[in-house]
Amino acid sequence: MSIVLIGDLSPAAYENWRAQLSQHLPPHETLALATQLTDKSAVDVALAANPRWGELARFPNLRFVQSLWAGVDGLLGDPALPENITLARLVDPALAQSMAEGAIAAVLYLHRQFPAYLQQQTSHTWRQLPQPVASHRRVGVLGFGKMGEPVARGLAALGFAVSAWGLSPRAETSVDYSWGAAGLDRLLAKTQILVNLLPLTDATRGILNAELFGRLPAGAAVINLGRGGHLKDADLLQALETRHLGHAVLDVFHQEPLSADHPFWSNPHVTVLPHVAASTDPESAAPIALQNVAAFRAGRPLTGVVSRSRGY
(Lines give C-alpha, C1' and ligand atoms only; values in the text may rest on other atoms or scores of the structure.)
Protein backbone atom coordinates (compact mmCIF):
# COMPACT_ATOMS: atom_id res chain seq x y z
CA MET A 1 0.00 0.00 0.00
CA SER A 2 1.13 3.55 -0.62
CA ILE A 3 0.75 7.15 0.51
CA VAL A 4 -0.90 9.80 -1.65
CA LEU A 5 -0.34 13.54 -1.49
CA ILE A 6 -3.66 15.18 -2.31
CA GLY A 7 -4.97 18.71 -2.13
CA ASP A 8 -5.86 21.96 -3.82
CA LEU A 9 -2.24 22.85 -4.54
CA SER A 10 -0.44 24.61 -7.36
CA PRO A 11 2.08 22.57 -9.37
CA ALA A 12 4.92 24.38 -7.60
CA ALA A 13 3.44 23.61 -4.18
CA TYR A 14 2.98 19.96 -5.12
CA GLU A 15 6.62 19.75 -6.13
CA ASN A 16 7.80 21.46 -2.93
CA TRP A 17 5.77 19.06 -0.79
CA ARG A 18 6.96 16.06 -2.81
CA ALA A 19 10.60 17.09 -2.42
CA GLN A 20 10.32 17.63 1.34
CA LEU A 21 8.33 14.44 1.96
CA SER A 22 10.72 12.36 -0.14
CA GLN A 23 13.61 13.34 2.14
CA HIS A 24 11.85 11.76 5.14
CA LEU A 25 9.99 8.88 3.52
CA PRO A 26 10.57 5.67 5.53
CA PRO A 27 11.97 2.62 3.74
CA HIS A 28 9.43 0.55 1.80
CA GLU A 29 6.98 3.48 1.63
CA THR A 30 5.80 4.82 -1.73
CA LEU A 31 4.63 8.38 -2.20
CA ALA A 32 2.32 9.19 -5.11
CA LEU A 33 0.83 12.49 -6.25
CA ALA A 34 -2.93 12.48 -6.64
CA THR A 35 -2.53 14.27 -9.96
CA GLN A 36 -0.49 11.36 -11.36
CA LEU A 37 -2.02 8.34 -9.62
CA THR A 38 -3.79 5.69 -11.69
CA ASP A 39 -4.45 2.89 -9.16
CA LYS A 40 -6.44 4.41 -6.30
CA SER A 41 -6.93 0.99 -4.66
CA ALA A 42 -3.21 0.90 -3.81
CA VAL A 43 -3.54 3.85 -1.40
CA ASP A 44 -4.27 3.44 2.31
CA VAL A 45 -2.82 6.72 3.65
CA ALA A 46 -3.48 10.27 2.43
CA LEU A 47 -1.53 13.42 3.22
CA ALA A 48 -4.24 16.00 2.70
CA ALA A 49 -3.93 19.70 1.94
CA ASN A 50 -7.57 20.76 1.71
CA PRO A 51 -8.63 18.39 -1.07
CA ARG A 52 -11.92 19.09 -2.82
CA TRP A 53 -14.92 17.40 -1.27
CA GLY A 54 -15.45 13.88 -2.55
CA GLU A 55 -11.84 13.26 -3.58
CA LEU A 56 -10.88 11.19 -0.53
CA ALA A 57 -13.90 8.94 -1.02
CA ARG A 58 -12.38 7.75 -4.31
CA PHE A 59 -9.74 5.70 -2.46
CA PRO A 60 -11.52 2.45 -1.52
CA ASN A 61 -8.79 1.21 0.87
CA LEU A 62 -8.07 4.50 2.63
CA ARG A 63 -7.54 4.03 6.38
CA PHE A 64 -5.68 7.13 7.59
CA VAL A 65 -5.72 10.81 6.61
CA GLN A 66 -3.02 13.11 7.93
CA SER A 67 -4.00 16.75 7.42
CA LEU A 68 -1.17 19.03 6.36
CA TRP A 69 -2.98 21.97 7.94
CA ALA A 70 -3.72 22.58 11.62
CA GLY A 71 -7.43 23.08 10.93
CA VAL A 72 -9.60 20.17 9.82
CA ASP A 73 -13.00 21.84 9.42
CA GLY A 74 -12.66 21.60 5.63
CA LEU A 75 -12.07 17.85 5.83
CA LEU A 76 -14.85 17.25 8.36
CA GLY A 77 -17.26 19.27 6.25
CA ASP A 78 -16.86 16.82 3.37
CA PRO A 79 -20.12 14.82 3.34
CA ALA A 80 -18.36 12.01 1.44
CA LEU A 81 -15.50 11.61 3.94
CA PRO A 82 -15.40 7.90 4.81
CA GLU A 83 -16.62 7.19 8.34
CA ASN A 84 -14.14 4.41 9.06
CA ILE A 85 -10.90 6.34 8.59
CA THR A 86 -8.64 7.82 11.26
CA LEU A 87 -8.06 11.55 10.82
CA ALA A 88 -5.24 13.60 12.38
CA ARG A 89 -4.55 17.33 12.26
CA LEU A 90 -1.02 18.68 11.91
CA VAL A 91 0.68 19.49 15.22
CA ASP A 92 3.76 21.45 14.18
CA PRO A 93 5.62 23.64 16.72
CA ALA A 94 6.89 25.82 13.86
CA LEU A 95 3.31 26.51 12.78
CA ALA A 96 2.34 27.40 16.35
CA GLN A 97 5.33 29.74 16.55
CA SER A 98 4.29 31.40 13.31
CA MET A 99 0.75 31.89 14.63
CA ALA A 100 2.11 33.37 17.85
CA GLU A 101 4.14 35.85 15.81
CA GLY A 102 1.11 36.79 13.71
CA ALA A 103 -1.21 37.21 16.68
CA ILE A 104 1.29 39.19 18.73
CA ALA A 105 2.00 41.45 15.75
CA ALA A 106 -1.72 42.15 15.37
CA VAL A 107 -2.10 42.90 19.09
CA LEU A 108 0.88 45.26 19.04
CA TYR A 109 -0.50 46.95 15.90
CA LEU A 110 -3.66 47.77 17.85
CA HIS A 111 -2.01 48.43 21.20
CA ARG A 112 0.41 50.94 19.68
CA GLN A 113 -2.52 52.58 17.85
CA PHE A 114 -1.17 52.12 14.33
CA PRO A 115 -4.68 52.27 12.77
CA ALA A 116 -5.15 55.76 14.22
CA TYR A 117 -1.72 56.90 13.07
CA LEU A 118 -2.35 55.56 9.57
CA GLN A 119 -5.58 57.57 9.50
CA GLN A 120 -3.66 60.65 10.63
CA GLN A 121 -1.13 60.12 7.85
CA THR A 122 -3.84 60.42 5.20
CA SER A 123 -4.68 63.91 6.51
CA HIS A 124 -1.07 64.91 7.20
CA THR A 125 -1.86 65.18 10.91
CA TRP A 126 1.03 65.14 13.40
CA ARG A 127 -0.48 64.27 16.78
CA GLN A 128 0.94 62.00 19.46
CA LEU A 129 -1.74 59.93 21.17
CA PRO A 130 -1.66 58.91 24.84
CA GLN A 131 -0.11 55.43 25.00
CA PRO A 132 -1.12 53.01 27.80
CA VAL A 133 1.47 50.49 28.96
CA ALA A 134 0.95 46.83 28.12
CA SER A 135 0.04 45.87 31.68
CA HIS A 136 -2.96 48.21 31.46
CA ARG A 137 -4.23 46.55 28.28
CA ARG A 138 -6.35 43.41 28.78
CA VAL A 139 -6.10 40.89 25.92
CA GLY A 140 -8.59 38.03 25.77
CA VAL A 141 -7.66 34.91 23.80
CA LEU A 142 -10.46 32.60 22.64
CA GLY A 143 -8.95 29.14 22.34
CA PHE A 144 -6.18 27.69 24.47
CA GLY A 145 -4.99 24.77 22.36
CA LYS A 146 -1.88 24.24 20.25
CA MET A 147 -2.30 27.70 18.72
CA GLY A 148 -3.94 29.71 21.47
CA GLU A 149 -1.70 28.69 24.35
CA PRO A 150 1.59 29.98 22.87
CA VAL A 151 -0.17 33.18 21.84
CA ALA A 152 -1.47 33.78 25.37
CA ARG A 153 1.91 32.99 26.93
CA GLY A 154 3.77 35.18 24.43
CA LEU A 155 1.51 38.15 25.14
CA ALA A 156 1.87 37.64 28.89
CA ALA A 157 5.66 37.59 28.49
CA LEU A 158 5.42 41.03 26.87
CA GLY A 159 3.61 42.33 29.94
CA PHE A 160 0.02 42.34 28.69
CA ALA A 161 -2.78 41.42 31.08
CA VAL A 162 -3.95 38.19 29.42
CA SER A 163 -7.04 36.05 29.92
CA ALA A 164 -7.80 32.92 27.93
CA TRP A 165 -10.99 30.96 27.37
CA GLY A 166 -11.40 27.43 26.08
CA LEU A 167 -14.04 24.86 25.33
CA SER A 168 -13.23 22.59 28.27
CA PRO A 169 -11.86 22.74 31.83
CA ARG A 170 -8.14 22.45 32.39
CA ALA A 171 -5.70 23.05 35.19
CA GLU A 172 -3.91 26.29 34.44
CA THR A 173 -2.16 28.65 36.82
CA SER A 174 0.27 30.81 34.81
CA VAL A 175 -2.43 32.32 32.57
CA ASP A 176 -5.88 33.45 33.73
CA TYR A 177 -8.00 30.69 32.17
CA SER A 178 -11.74 30.03 32.17
CA TRP A 179 -14.33 27.97 30.29
CA GLY A 180 -18.07 27.71 29.93
CA ALA A 181 -20.66 30.46 29.59
CA ALA A 182 -19.82 32.15 32.89
CA GLY A 183 -16.11 32.13 32.09
CA LEU A 184 -16.73 33.71 28.69
CA ASP A 185 -18.84 36.45 30.30
CA ARG A 186 -16.00 37.29 32.71
CA LEU A 187 -13.39 37.37 29.94
CA LEU A 188 -15.43 39.55 27.59
CA ALA A 189 -16.38 42.08 30.25
CA LYS A 190 -12.75 43.12 30.76
CA THR A 191 -11.20 42.48 27.34
CA GLN A 192 -9.94 45.41 25.29
CA ILE A 193 -8.40 43.35 22.49
CA LEU A 194 -10.05 40.02 21.65
CA VAL A 195 -8.08 37.40 19.70
CA ASN A 196 -10.00 34.46 18.23
CA LEU A 197 -8.08 31.19 17.77
CA LEU A 198 -10.88 28.71 18.33
CA PRO A 199 -11.36 25.68 16.09
CA LEU A 200 -14.37 25.97 13.81
CA THR A 201 -17.05 23.57 15.02
CA ASP A 202 -20.84 23.56 15.23
CA ALA A 203 -20.45 25.06 18.72
CA THR A 204 -18.19 27.94 17.63
CA ARG A 205 -19.60 28.81 14.18
CA GLY A 206 -20.81 32.41 14.26
CA ILE A 207 -19.50 33.01 17.80
CA LEU A 208 -18.19 36.45 16.80
CA ASN A 209 -21.62 38.05 16.60
CA ALA A 210 -23.60 41.06 17.81
CA GLU A 211 -24.40 39.47 21.15
CA LEU A 212 -20.74 38.76 21.90
CA PHE A 213 -19.60 42.19 20.67
CA GLY A 214 -22.15 43.78 22.97
CA ARG A 215 -20.48 42.19 25.98
CA LEU A 216 -17.11 43.75 25.15
CA PRO A 217 -16.26 47.19 26.58
CA ALA A 218 -16.90 50.15 24.29
CA GLY A 219 -13.96 50.76 21.98
CA ALA A 220 -12.65 47.18 22.12
CA ALA A 221 -10.92 45.63 19.12
CA VAL A 222 -11.30 42.19 17.56
CA ILE A 223 -8.67 40.02 15.83
CA ASN A 224 -9.96 36.98 13.95
CA LEU A 225 -7.24 34.46 13.09
CA GLY A 226 -9.46 31.39 13.39
CA ARG A 227 -11.84 30.85 10.48
CA GLY A 228 -14.16 33.08 8.51
CA GLY A 229 -17.07 30.97 9.73
CA HIS A 230 -16.54 32.26 13.26
CA LEU A 231 -17.57 35.77 12.24
CA LYS A 232 -20.94 37.24 11.32
CA ASP A 233 -19.77 39.94 8.94
CA ALA A 234 -22.86 42.14 9.14
CA ASP A 235 -22.74 42.14 12.95
CA LEU A 236 -19.13 43.29 12.91
CA LEU A 237 -19.82 46.07 10.43
CA GLN A 238 -22.71 47.28 12.58
CA ALA A 239 -20.59 47.25 15.75
CA LEU A 240 -17.90 49.26 13.96
CA GLU A 241 -20.41 51.73 12.53
CA THR A 242 -21.83 52.50 15.98
CA ARG A 243 -18.22 52.69 17.27
CA HIS A 244 -18.92 50.15 19.98
CA LEU A 245 -15.93 48.37 18.46
CA GLY A 246 -12.92 50.45 17.55
CA HIS A 247 -11.15 48.25 15.01
CA ALA A 248 -10.98 44.73 13.60
CA VAL A 249 -8.02 42.83 12.17
CA LEU A 250 -9.26 40.02 9.95
CA ASP A 251 -7.08 37.30 8.44
CA VAL A 252 -9.76 34.75 7.50
CA PHE A 253 -13.04 35.06 5.61
CA HIS A 254 -16.10 33.12 4.51
CA GLN A 255 -14.90 33.37 0.93
CA GLU A 256 -11.20 33.46 0.10
CA PRO A 257 -9.91 35.42 -1.69
CA LEU A 258 -12.19 38.09 -0.28
CA SER A 259 -14.49 39.35 -3.02
CA ALA A 260 -13.46 42.69 -4.53
CA ASP A 261 -16.78 44.33 -3.59
CA HIS A 262 -16.80 43.26 0.06
CA PRO A 263 -17.28 46.25 2.41
CA PHE A 264 -14.34 45.15 4.58
CA TRP A 265 -11.92 46.43 1.92
CA SER A 266 -13.06 50.04 2.16
CA ASN A 267 -13.90 50.23 5.86
CA PRO A 268 -11.32 52.43 7.62
CA HIS A 269 -11.83 50.48 10.85
CA VAL A 270 -10.96 47.10 9.33
CA THR A 271 -7.51 45.75 8.51
CA VAL A 272 -7.70 42.99 5.88
CA LEU A 273 -4.95 40.37 5.76
CA PRO A 274 -4.89 37.63 3.05
CA HIS A 275 -4.80 34.58 5.40
CA VAL A 276 -1.15 35.01 6.33
CA ALA A 277 -1.10 34.74 10.12
CA ALA A 278 0.40 31.24 9.94
CA SER A 279 1.09 29.04 6.94
CA THR A 280 2.26 25.44 6.95
CA ASP A 281 5.95 25.16 6.07
CA PRO A 282 6.61 21.89 4.21
CA GLU A 283 10.17 21.78 5.53
CA SER A 284 9.05 21.50 9.15
CA ALA A 285 5.72 19.76 8.51
CA ALA A 286 6.88 16.93 6.24
CA PRO A 287 8.83 14.94 8.88
CA ILE A 288 6.06 15.46 11.46
CA ALA A 289 3.39 14.20 9.07
CA LEU A 290 5.43 11.12 8.15
CA GLN A 291 6.22 10.39 11.81
CA ASN A 292 2.48 10.18 12.38
CA VAL A 293 2.13 7.87 9.37
CA ALA A 294 4.84 5.61 10.82
CA ALA A 295 3.06 5.61 14.19
CA PHE A 296 -0.19 4.66 12.46
CA ARG A 297 1.49 1.79 10.64
CA ALA A 298 3.01 0.53 13.89
CA GLY A 299 -0.15 0.93 15.97
CA ARG A 300 1.47 3.55 18.21
CA PRO A 301 -0.32 6.60 19.63
CA LEU A 302 -0.84 9.43 17.14
CA THR A 303 -0.55 13.18 17.59
CA GLY A 304 -3.50 15.39 16.71
CA VAL A 305 -6.14 12.67 16.45
CA VAL A 306 -9.44 14.31 15.49
CA SER A 307 -12.66 13.63 17.37
CA ARG A 308 -15.54 13.88 14.92
CA SER A 309 -17.99 14.54 17.74
CA ARG A 310 -15.96 17.55 18.95
CA GLY A 311 -15.10 18.71 15.48
CA TYR A 312 -11.33 19.08 16.05
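Report on the accompanying structure. Everything numeric in this text was worked out from a predicted model, so none of it was measured. The residue numbering used here restarts from 1 in each chain and proceeds along that chain's sequence as written. Where totals are concerned, whole chains, interfaces and linings use all residues; where local detail is concerned, this predicted model gives features only for residues with pLDDT of at least 70, and gives and counts side-chain atom pairs only at 80 or more. Hydrogen atoms and water are omitted, and side-chain values are computed over all heavy atoms in the structure.

Some thoughts on the packing of aromatic side chains
Pairing of aromatic side chains here covers Phe, Tyr and the six-membered ring of Trp, requires ring centres within 6.5 Å, and sorts the geometry by plane angle: under 30 degrees stacked, over 60 edge-to-face, intermediate tilted. The tally for this structure, following the rule as stated, stands at five aromatic pairs. Look at Phe-144 and Tyr-177: their rings are 5.3 Å apart centre to centre, the planes differ by 40°, and that puts the pair in the tilted class. Taken together, the residues span a long stretch of sequence, with Phe-144 in the loop between strand 6 (138–142) and helix 5 (148–157) and Tyr-177 in strand 8 (residues 176–179) at a distance of 33 residues. Here the basic side chain of Arg-170 rests over the ring of Tyr-177, its NZ or CZ set 6.0 Å away from the ring centre. Counting from the N terminus, the helices are DSSP H or I runs at least four residues long and the strands are E runs at least two residues long. Should the NZ of a Lys or the CZ of an Arg lie within 6 Å of a ring centre and within 35 degrees of the ring normal, that charge is described as sitting over the ring.

What to know about the pattern of salt bridges
The rule for a salt bridge is simple: a side-chain nitrogen of Lys or Arg has to be within 4 Å of a carboxyl oxygen of Asp or Glu. The tally for this structure, following the rule as stated, stands at 11 salt bridges. Between Arg-297 and Asp-44 there is a salt bridge, with the nearest N and O atoms lying 2.5 Å from each other. Taken together, the positions of Arg-297 in helix 9 (residues 282–298) and Asp-44 in strand 3 (residues 43–49) put the pair 253 residues apart, joining distant regions of the chain. What makes Arg-297 partly exposed here is its relative accessible area of 30%. Working definition: with a 1.4 Å probe on protein chains only, accessible area under 20% of the residue-type maximum means buried, over 50% means exposed, and in between means partly exposed. Note on Asp-44: relative accessible area 3%, which makes it buried. A salt bridge links Lys-190 to Asp-176, with the nearest nitrogen and oxygen atoms 3.2 Å apart. With Lys-190 in helix 6 (residues 180–190) and Asp-176 in strand 8, this residue pair connects regions lying 14 residues apart in the sequence. Residue class for Lys-190 comes out partly exposed when judged on its relative accessible area of 37%.

Quick word on the sheet that holds strand 10 (residues 220–224)
Paired strands are those between which DSSP finds at least two bridges. Spatially, 8-7-6-9-10-11-12 is the arrangement adopted by the seven strands of the open sheet, whose pairing is parallel. Whereas interior strands pair on both sides, the edge strands pair on one side only; in this sheet they are strand 8 and strand 12 (270–272). Each strand axis lies, on average, 15° off the axis of its neighbour in the sheet, ignoring direction. As defined by bridge partners, strand 10 adjoins strand 11 (residues 245–250) across five bridges and the pair is classed as parallel. What sits directly across from Asn-224, in strand 11, is Leu-250. Across the sheet, helix 5 touches strand 6 and strand 7 (161–166), and the angle it forms with strand 6 is around 170°. The angle between two axes is taken between their N-to-C directions and runs from 0 to 180 degrees, where each axis is a line fitted to C-alpha atoms and a helix contributes only its stretch in contact. In this description, contact between two residues means that some pair of their heavy atoms is separated by no more than 4.5 Å.

Structural notes on the packing of helix 1 (residues 11–24) against helix 9
Between helix 1 and helix 9, the shortest axis-to-axis distance is 9 Å and the interhelical angle comes to 50°. Relative to helix 9, the element helix 1 lies oblique. As for the relative orientation of helix 1 and helix 9, their crossing is right-handed in sense. Touching Asn-16, Trp-17, Gln-20, Leu-21 and His-24 of helix 1 are Pro-282, Glu-283, Ala-285, Ala-286, Pro-287 and Leu-290, all from helix 9. Here the contact of helix 1 with helix 9 is built from residues that sort into seven nonpolar, three polar and one charged. Orientation is classified from the angle alone, with under 35 degrees giving roughly parallel, over 145 giving roughly antiparallel, 65 to 115 giving roughly perpendicular, and any other angle giving oblique. By convention, the crossing between two helices is left-handed when the near helix turns anticlockwise from the far helix through less than a right angle, and right-handed when the turn is clockwise. Charged residues are taken to be Asp, Glu, Lys and Arg, nonpolar residues to be Ala, Val, Leu, Ile, Met, Phe, Trp, Tyr, Cys and Pro, and polar residues to be all remaining types, Gly included.

What to know about unusual backbone geometry
The linkage connecting Glu-256 with the following residue, Pro-257, adopts the cis geometry, with an omega of -5°. Inspection of the secondary structure puts Pro-257 in the loop between strand 11 and strand 12. Located in the positive-phi region is His-124, a residue other than glycine, with phi close to 55°. Since its relative accessible area comes to 74%, His-124 is described here as exposed. A positive phi angle, near 55°, is found at His-275, a position not held by glycine. With respect to the helices and strands, His-275 occurs in the loop between strand 12 and helix 9. His-275 sits in the partly exposed class, given a relative accessible area of 30%.

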